Amino acid sequence: MAAALALFLVSSSAVVVVAGGMATVTPSDSGSVVPNDGPDYGVNNSTFQRLWSEDADNGNLSADDFDDANVSSRAEFAHRLARSTDIPFDQPPQAAGDWNNGDFGDYSPGDRDSSIHPESASLEDGVYIKDAYVSIFATQPSTILHQGNETTQYVAPDGQVRALSDYRVAVPQGDQNGSQRERWSIDQTSIESVELSADGRTIDTGNGHQATLQYTGLSGSPQLTVEANITVTLRHVTLDCPDWNSSISGCDGDWTRDVETLEASKTVSTSQKVVVNRLSGISGNRVQFETHKNRVGAVIHPSTEWSTITVDGDVRARSNWWFYTAGRSGWQTMVTTTATNTSRAESSVRPVQVHAFPSQQAPYVPTEPTDDGKRPLAIEETWGTELTGPSLPVNIDLESADPYVNADSIAVSSTTLDESAFRKVTVQGIVRGQSRTVSLSEQQTVRETNLDLTVTEANATHAVVRAMVTENASDDAVTTGRVTIRNQTATLNSSGMAVVTISKPSLLVHGQYQSAAWWRTDQPYAASEDITKTPANFPDFQTLIQLAVVTILWFIPVAVLVFGFDYMSDGALLGISNRT
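The shown structure was predicted, so the numbers you read here are calculated from the model rather than taken from an experiment. (Residues numbered from 1 in each chain as written. Predicted model: local features only at pLDDT ≥ 70, side-chain atom pairs only at ≥ 80, totals over all residues. Heavy atoms only, no water.)

(A) Representation of the pairing of strand S17 (residues 333–337) in the model. Counted residue by residue, S17 has four buried out of five residues, so it is predominantly covered. Here strand S1 (residues 115–118) pairs with S17 via four bridges, running antiparallel. Bridged to isoleucine 116 within S17 is threonine 336. As defined by bridge partners, S17 adjoins strand S18 (residues 342–346) across five bridges and the pair is classed as antiparallel. Residue pairing in the sheet places valine 335 in a bridge with arginine 344 of S18. Connecting S17 to the next strand, S18, in antiparallel fashion are four residues. (Buried < 20%, exposed > 50% of the residue type's maximum accessible area, 1.4 Å probe, protein only. Helix = DSSP H or I, 4+ residues; strand = E, 2+ residues; numbered from the N terminus. Pairing = 2+ DSSP bridges.)

(B) Geometry of the pairing of strand S2 (residues 129–147). Of all 19 residues in S2, 17 are buried; the element is thus mostly enclosed. Sheet analysis places S2 next to strand S3 (residues 150–169), joined by 15 bridges and oriented antiparallel. The residue bridging tyrosine 133 from the neighbouring strand is aspartate 166, located in S3. Between S2 and S3, which pair antiparallel one after the other, the connecting turn spans two residues, and glycine 148 there sits at a positive phi close to 55 degrees. In this sheet, strand S19 (residues 352–358) lies alongside S2 in parallel orientation, the contact comprising three bridges. Bridged to leucine 145 within S19 is alanine 356.

(C) The arrangement of unusual backbone geometry in detail. Cis rather than trans, the peptide bond between glutamine 140 and proline 141 has omega equal to 0 degrees. Mapped onto the elements, proline 141 comes out in strand S2. Of note, aspartate 131 is a non-glycine position whose phi angle comes to about 50 degrees, a positive value. Looking at the secondary structure, you find aspartate 131 in strand S2. Backbone geometry places aspartate 475, a non-glycine residue, at a positive phi of 65 degrees. As for its placement among the helices and strands, aspartate 475 is situated in the loop between strand S26 (462–471) and strand S27 (482–485).

(D) Broad picture of the side chain of serine 515. Relative to the helices and strands, serine 515 is located in the loop between strand S30 (508–514) and strand S31 (528–533). Classification of serine 515 as buried rests on a relative accessible area of 9%.

(E) Main features of the environment of aspartate 187. If you trace the backbone, aspartate 187 turns up in strand S4 (residues 180–198). Classification of aspartate 187 as partly exposed rests on a relative accessible area of 46%. Setting aside anything within four residues of it in sequence, one finds aspartate 187 in contact with Arg112, Thr233, Leu234 and Arg235. (Contact = heavy atoms within 4.5 Å.)

(F) The side chain of threonine 426, seen in detail. Relative to the helices and strands, threonine 426 resides in strand S22 (residues 424–429). Here the side chain of threonine 426 touches threonine 437 through a polar contact of 2.7 Å, side chain to side chain. Once residues within four sequence positions are removed from consideration, threonine 426 is found in contact with Thr308, Ile309, Thr310, Ser435, Arg436 and Thr437. (Polar contact = N/O pair within 3.5 Å; in protein donor to acceptor, adjacent residues only side chain to side chain.)

(G) Here's a closer look at the pattern of salt bridges. This structure, assessed with the given rule, holds eight salt bridges. Where aspartate 131 meets arginine 168, a salt bridge forms, and the shortest distance between an N and an O atom there is 2.7 Å. With a gap of 37 residues between them, aspartate 131 in strand S2 and arginine 168 in strand S3 connect regions that are remote in the sequence. Across the pair, exposure class does not vary: aspartate 131 and arginine 168 are buried alike. In this structure, glutamate 380 engages arginine 295 in a salt bridge whose closest nitrogen and oxygen atoms are separated by 2.9 Å. Taken together, the residues span a long stretch of sequence, with glutamate 380 in strand S20 (residues 378–387) and arginine 295 in the loop between strand S12 (283–289) and strand S13 (296–301) at a distance of 85 residues. Via salt bridges that share partners, Arg286, Glu419 and Arg423 belong to a single interconnected network. (Salt bridge = Lys/Arg side-chain N within 4 Å of Asp/Glu carboxyl O.)

(H) Structural view of the nonpolar core. Formed by 30 residues in total, the largest nonpolar core has its most connected members in Tyr167 and Val226. Going through the elements one at a time, S2, S3, S4, strand S6 (210–215), strand S7 (223–240) and strand S10 (256–273) are the ones with two or more residues in this core. (Core = buried A, V, L, I, M, F, W, Y, C linked by side-chain atoms within 4.5 Å.)

(I) Summary view of the sheet that holds strand S25 (residues 449–458). Strand order across the open sheet formed by three strands is S25-S26-S29, with antiparallel pairing between neighbours. Whereas interior strands pair on both sides, the edge strands pair on one side only; in this sheet they are S25 and strand S29 (497–503). Recorded for the sheet is a direction-independent mean angle of 25 degrees between the axes of neighbouring strands. With nine bridges connecting them, S25 and S26 associate as antiparallel partners. In the sheet register, threonine 449 faces S26, and the bridge partner there is glutamate 471. (Axes fitted to C-alpha atoms, helices over the stretch in contact; angles between N-to-C directions.)

(J) Representation of the state of the cysteines. The tally for this structure, following the rule as stated, stands at one disulfide. The disulfide that involves cysteine 241 links it to cysteine 251, with 2.0 Å between the sulfurs. The disulfide joining cysteine 241 to cysteine 251 has a torsion of about 90 degrees about its S-S bond and is therefore right-handed. A residue pair is termed long-range when its members are at least 10 positions apart, and cysteine 241 in the loop between S7 and strand S8 (244–245) and cysteine 251 in strand S9 (residues 250–251) qualify at ten residues. (Disulfide = S-S within 2.5 Å.)

Below is the structure:
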C-alpha cells in the first residue's frame, strides 16, 4: 500500500505526511459520510473521493488491495486509497465550489404541510407558520483555518452565500357542524425575501427556498446574517344560519357568508462570523549579488497565511499550509416534519467545506529540477511566529505540525532565472481564487567585500590581529557583521575594524568576514576572507652585538683550554698540535 500511496500522492502533487491510521465516524441515523450521488457536477471520481475526509479510514488495507489484480481502474484505486487514509490538497480545491454549486440545486423543499430541513437547522414557530428555518448551505470561496484550539472561517472580499429555507403551514381546523360553521384554506404562501447583511448592513436580497446572495468589498471581521421573511395568506370563511332547524340539523333558510383574509409572517435568520482575508499587506524587495552575477533573489513578506508564491510562470514556492475538505456538519441527514410525524432520510444535498492546517511538510519548491539537476528556485529561509499546532478532529486522518512557524516572510534565490522574474511576484492566499500580484520595485545589492588582516603584535603565546573590512567597489568601511579568526569572533566597529587576540598563533592566520543573512538586513554584504603571516621574532641589532660579545667571551677560555689539553697530549685529543 505504501508504494501505491506514494504514487498517488506524487501524481496529485501532494507530498505531506498522512497518518494512515484508523479513524472512526458515527454517521447520524441513516446518513452515510460519502454521498451516493457522486461524482457529479464536473468533479472527477478521484477528486470526489478526496472531498470527504471525515469518512471512516481503514488503515488495515494491505498492498494486495492495491495491486492490478484487485484494482480494475484508476477510479477504483482512488476509491480504495480514500478509504484507507485522507489525502490533502496543496491548494484550496476548485472541486469544492463546483460540487457545492451543483449539489445546491438538488434540494427539494416540502409542500405546505411539511418542512424539509437539515439536522443542523434551528426551527422556529409562528401562529400559522411552523418549523420555519433558513440555513447557510455554503459561503464560498472560504477556508476554515485551524490554529491552536481555535478555528476561523476566512472568506474572500468578494463571494457568495447560498441559503436554503423551508416551512410548513398549520391551517386551523374548520367546523362543519351546527348553525355556525367555518372553513380554513391556504390562499397563498411565499418566501418573499431572503436578505444577506454584514453587521446590519444589507448587501443583497433574493427570494424563494433556494437563494444565492452575492457580496463584494467585504473587510474586517463581519458577521454575515441571512434573514428569510416567510408570509402566508389564509382564507377564513364563516357561515351562519339565522333559521336553524334543530330537528333536522339543517338550515331552513339561506346561509350568511363572511369571508376574511388573514396574513401571517415569520422572519427566521442565521448568522456566521467570518474574517475577510485581504492580501493587502504584501511587501518585499529584489536582491542582486556582486559576487555572483548569475544569481538573483527576493525577500517577500506576505504578512498573512499563504499557499503559494509564484515568481515566474509555473515556478513557485509552496507554504506549510495544506488543505482538506469535509462535509459540513449537520447535513448528512434531512428531516421531514409534518404536524403529526417526523422522518429522517439520507440527505440529497451535502455541502463540503475547505479546511487549512499547518502540515509537517516544510515549505518547498515543487517544480522539477532542470537537466543539470538544479531547481529553478531555492528557499533560503522562511520565518515568522512560532505557534502551537492545532488538534484536528479525530475523524480527520492527517497530522498537523506542533509547534509550527507561521511563515509570513520568505527568502528565495535562483541561479537559473533571469532578474526580471523577480520584478513581480504573485501570492496566492488560503482562500480559493484569492491572489495578488505585487511589484518588487525596491532592489538591494549584496555587495562584495574585502577583508584585510594585519598582525600588530605577536610572540610565542599570543598574537593581536587587526581586521579591516571594506566594500570592494567604493573602498568604504563596512560597519556591520563579524570577523572570525580561529575560534575568536569580534563585531566590526563604526570604522569597519575589529581587533582579535588569538593564543599560540601559527605562522599563517586565517580570518573570515560574515555579514548577517542577506534576507535579514537592510544592507547585505558578501562574505570574504584573508590570510596573513605572523612575523618571525628576530632580535634587534643591539641584541645581536651583545649576543656576539657574550659568545666570544664565553668561547675564548673554552678554546684555550681545549687547545691546551690537545697540546699536552701531543695532538692525540684533537690533532691540532704536533710538537714533533
